[in-house]
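# Residue-level structural notes
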Amino acid sequence: MSMIVLTLIIALVAIILAIVATLVVAKNVQKREAANKVDSAENKAREIIDDAVKTAEAKKREALIEAKEDALKQKNELDKEIRERRSEIQKNENRIAQKEENLDRKLNQLEKRERDLSSREGQLNKDKEEVAKLNQQRVQELERISGLTSQQAKEQLLQTVEDDVKIDAAKLIQETMAQAKDDANKKARDIVITAIQKCAADHVSESSISVVPLPSDDMKGRIIGREGRNIRTLETMTGVELIIDDTPEAVVLSAFDPVRREIARVALEKLIVDGRIHPARIEEMVEKATKEVEANIKEEGEAATLEVGVNGVNPELVKLLGRMKYRTSFGQNALKHSIEVAHLSGLLAAELGLDVRVAKRAGLLHDIGKSIDHEEGAQGSHVQIGAELCKKYKESPTIVNAVEAHHGDVEPETLIACIVQAADAISAARPGARRETLEAYSNRLQQLEEITNDFKGVEKSFAIQAGREVRVMVVPDQVSDSDMVIMARDISKRIESEMDYPGQIKVNVIRESRVTDYAK
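No experiment lies behind these values; they were computed from the predicted model shown.

The subject of this paragraph is the overall build of the chain. Helix and strand content of the chain: 14 helices and 8 strands. Out of the 520 residues in the chain, the part that is buried amounts to 28%. The contacts of the chain with a sequence gap of at least 6 include a subset with a gap of at least 24, amounting to 60%. Only carbon and sulfur atoms are counted for the fraction: they give 54% of the accessible area of the chain, which is about 35,300 Å².

If you want it as structure tokens, here you go:
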């Protein structure tokens, strides 16, 4: 048994020695192969370097040859260009020399002509002197025969002709002016009557309050809310005053801004229908009502431009037109009034052969300032605001002047502006167009003049422009230039405190000094 184990051990040792010997032999073989590969790679690298050096030298020689050829080619081209320029210079020198010869020849001809003219001028002077002598002799003979000098005869003749012409011209001017006035008045009446007959616009009257009906009086308490929180939230969100009184089943909304009043009305109606009235719901409904009214404003503005047939109006102006749906003047709806003025302006322009589209555009935009004249920060009358808006949104100077001049604040520069003035007056003067009665109108003008006449130093005053302006004439000896400024301010403040009126009233204080003397 021990012999078998020993034999196995010897065999195992022999196998291990054989494996080690095999590994050693294999490693030596690999070293020899690696050395051979390195030598082969170095030889190949040297061959590649040699080939690269040879190739580089060959390309270098080729580049030098090409550079020499290019230099030679450029030298030849330069020589050719130099020859051509020399030839051109020579031709120019020849032309210049030819021109100089021509100029010399012309100068000689001019000198010769000048000498001829000088001789002729001398002869003409002699002839003039002879004619003057003969004319003087003729005048002396005529003066001897007539017994008048030439100046006296000329003055007498001119005076006679001038008197006759003045008389005839005065008669002709009077006849022409009378005929022109008659024709103009007749034509103007025909044009205005025709325009009024053709234009049939609706009249819409609105007030400064809105009434919202309620399903029952119990709803008033829900609108007011616990400790008044609902009504305060609604008034704060909309800027509108809610009047909840003894009026059965109704709530009154009062606000100077018609757009805010409309938003409050829509929001309140939505809250009543919904039934859930609390501050959070009020905010949500006011936001929805605001979006709804803004969309309605845009639609109304676009509808107005389509109805009138005016294209290309700035979108911001279209929105402002839509806001005028909720604006009233003397109870007359501002948007309907503007549409009617646009139609009337177009009809008048067609009768006079003017641009109908421009006239309609000016009529539609003439009161655009009323859309924002009640907002905070708006300064000036609706005329001034409207003109600034039209300038801001790139309307033509014709449109701007028509807006500025439609109440006579500035002089109209075009017939379009005059047409808009007439159309505005026609629309406002239609029966039922405005709620103000003749008695109230007269009382307002009388009150305006009475207020101004109460001031010391006022000689007389006139309410003009339908009560939009008052002109105050003062006594120069009692009111100085500096006093005029204080007086105008005091009159304005008193008018504001004592009168109710739409828009603005312009106060003009006029002081005029005259000095008269006579030359005896």
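Glancing now at the packing of helix H6 (residues 279-308) against helix H8 (residues 334-352). Where H6 meets H8, the axes come as close as 10 Å, and the angle between the chain directions of the two elements is 20°. Taken as axis vectors, H6 and H8 run roughly parallel relative to one another. Handedness of the crossing formed by H6 with H8: right-handed. Where H6 approaches H8, its residues Glu300, Ala304, Glu307 and Val308 are matched on the opposing element by Leu335, Ile339, Ala342 and His343. For the contact of H6 with H8, the per-class residue count stands at 5 nonpolar, 1 polar and 2 charged.

What follows covers the nonpolar core. One finds Leu317, Leu364, Leu365, Ile368, Leu389 and Cys390 to be the most contacted residues of the largest nonpolar core, which totals 39 residues. Those elements giving two or more residues to this core turn out to be H6, helix H7 (315-323), H8, helix H9 (356-365), helix H10 (382-392), helix H11 (397-405) and helix H12 (415-429). At 8 residues, the largest contribution of residues to this core is made by H8. In this structure, Val212, Ile231, Val259 and Ala289 belong to the second largest nonpolar core, which totals 27 residues.

Time to look at a nonpolar patch on the surface. Together, Val5, Ile9, Val13 and Leu17 give the surface a local cluster of nonpolar side chains, amounting to about 340 Å² of exposed area. Locating Val5 in the fold gives a position in helix H1 (residues 2-146). Residue class for Val5 comes out partly exposed when judged on its relative accessible area of 40%.

Over its 30 residues, H6 runs 43 Å from end to end, which matches the ideal 44 Å to within 8%, given 1.5 Å per residue. For H6, every residue scored as buried is listed here: Arg281, Ile282, Met285, Val286, Ala289, Val293, Ile297, Gly301, Ala304, Thr305 and Val308. Looking at the buried residues of H6, the elements they touch are helix H4 (229-238), helix H5 (258-274), H7, H8 and H9. Backbone geometry just downstream of H6 places Gly309 in the positive-phi region, at approximately 90°.

Buried residues dominate strand S3 (residues 250-254), accounting for 4 of its 5 residues. Where strand S2 (residues 241-243) and S3 come together, 3 bridges link them in antiparallel fashion. Along S3, the bridge assignment pairs Glu241 with Ser254.

Within this structure, the stated rule accounts for 19 salt bridges. Here Arg281 makes a salt bridge to Glu284, at a shortest N to O gap of 2.9 Å. Note that Arg281 and Glu284 are positioned in helix H6 at a spacing of 3 residues, about one turn of the helix. When its relative accessible area of 33% is taken as the criterion, Glu284 is described as partly exposed.

What follows concerns the sheet that holds strand S6 (residues 458-464). The strands that make up a sheet are held in pairs by hydrogen bonds between backbone atoms, and each pair lies either parallel or antiparallel. Overall, mixed pairing links the 3 strands, which are arranged S6-S7-S8 in an open sheet. Edge positions in the open sheet fall to S6 and strand S8 (506-511), since each of these has one partner strand only. Each strand of the sheet is rotated relative to its neighbour by a mean of 20°, with strand direction disregarded. As paired strands, S6 and strand S7 (residues 469-474) are joined by 6 bridges and run antiparallel to one another. Across the sheet, the residue bridging to Ser461 is Val472, located in S7. Contacts between helix H14 (residues 481-498) and the sheet are confined to S6, S7 and S8, with S8 contributing the most and set at about 150° to the helix.

When the pLDDT values of the chain are averaged, the result is 79; 86% of them are 70 or greater. Between residues 200-206, whose pLDDT stays under 50, and residues either more than four places distant or in other chains, the model counts 20 contacts.

Glycine aside, a negative phi is what most residues show, and trans is what most peptide bonds show. Residues other than glycine seldom take positive phi values, yet Glu227 does so here, at roughly 55°. When you line up the elements, Glu227 lands in the loop between helix H3 (218-224) and H4. The class for Glu227 is exposed, based on a relative accessible area of 73%. Within the chain, Lys394 stands out as a residue other than glycine whose phi angle is a positive 65°.

Here we take up the packing of H10 against H11. Contact geometry for H10 and H11: axes closest at 8 Å, N-to-C directions at 170°. Viewed along their axes, H10 and H11 adopt a mutual orientation that is roughly antiparallel. On H11, the residues that touch Val383, Gly386, Ala387, Cys390 and Lys391 of H10 are Ile399, Val400, Val403 and Glu404. Grouping the constituent residues of the contact of H10 with H11 by class yields 6 nonpolar, 1 polar and 2 charged.

Now for the environment of Ala250. Along the chain, the position of Ala250 falls in strand S3. What makes Ala250 buried here is its relative accessible area of 8%. For the pair formed by Ala250 and Pro213, sequence separation is 37 residues and the distance between their alpha carbons is 4.4 Å. When near neighbours in sequence (up to four residues on either side) are disregarded, Ala250 contacts Val211, Val212, Pro213, Leu214 and Lys220.

Attention now moves to the side chain of Ser461. Within the secondary structure, Ser461 sits in strand S6. Engagement of the side chain of Ser461 in a polar contact is seen with the backbone oxygen of Glu449, the distance being 3.5 Å. In this structure the side chain of Ser461 is engaged in a polar contact, spanning 2.9 Å, whose partner is the side chain of Asn453. Every residue in contact with Ser461, bar those within four places of it in the chain, is listed here: Glu449, Thr452, Asn453, Val470, Arg471 and Val472.

Scoring rules and cut-offs
- Residues numbered from 1 in each chain as written.
- Predicted model: local features only at pLDDT ≥ 70, side-chain atom pairs only at ≥ 80, totals over all residues.
- Heavy atoms only, no water.
- Helix = DSSP H or I, 4+ residues; strand = E, 2+ residues; numbered from the N terminus.
- Buried < 20%, exposed > 50% of the residue type's maximum accessible area, 1.4 Å probe, protein only.
- Contact = heavy atoms within 4.5 Å.
- Areas by Shrake-Rupley, 256 points an atom, 1.4 Å probe, with all protein chains shown as cover.
- Axes fitted to C-alpha atoms, helices over the stretch in contact; angles between N-to-C directions.
- Parallel < 35°, antiparallel > 145°, perpendicular 65-115°, else oblique.
- Left-handed = near helix turned anticlockwise from the far one by under 90°.
- Nonpolar A, V, L, I, M, F, W, Y, C, P; charged D, E, K, R; others polar.
- Core = buried A, V, L, I, M, F, W, Y, C linked by side-chain atoms within 4.5 Å.
- Patch = residues over 30% accessible without salt bridge, like charges linked within 9 Å, V, L, I, M, F, W, Y side chains within 5 Å.
- Salt bridge = Lys/Arg side-chain N within 4 Å of Asp/Glu carboxyl O.
- Expected span 1.5 Å × (residues − 1).
- Pairing = 2+ DSSP bridges.
- pLDDT = per-residue confidence, 0-100.
- Polar contact = N/O pair within 3.5 Å; in protein donor to acceptor, adjacent residues only side chain to side chain.

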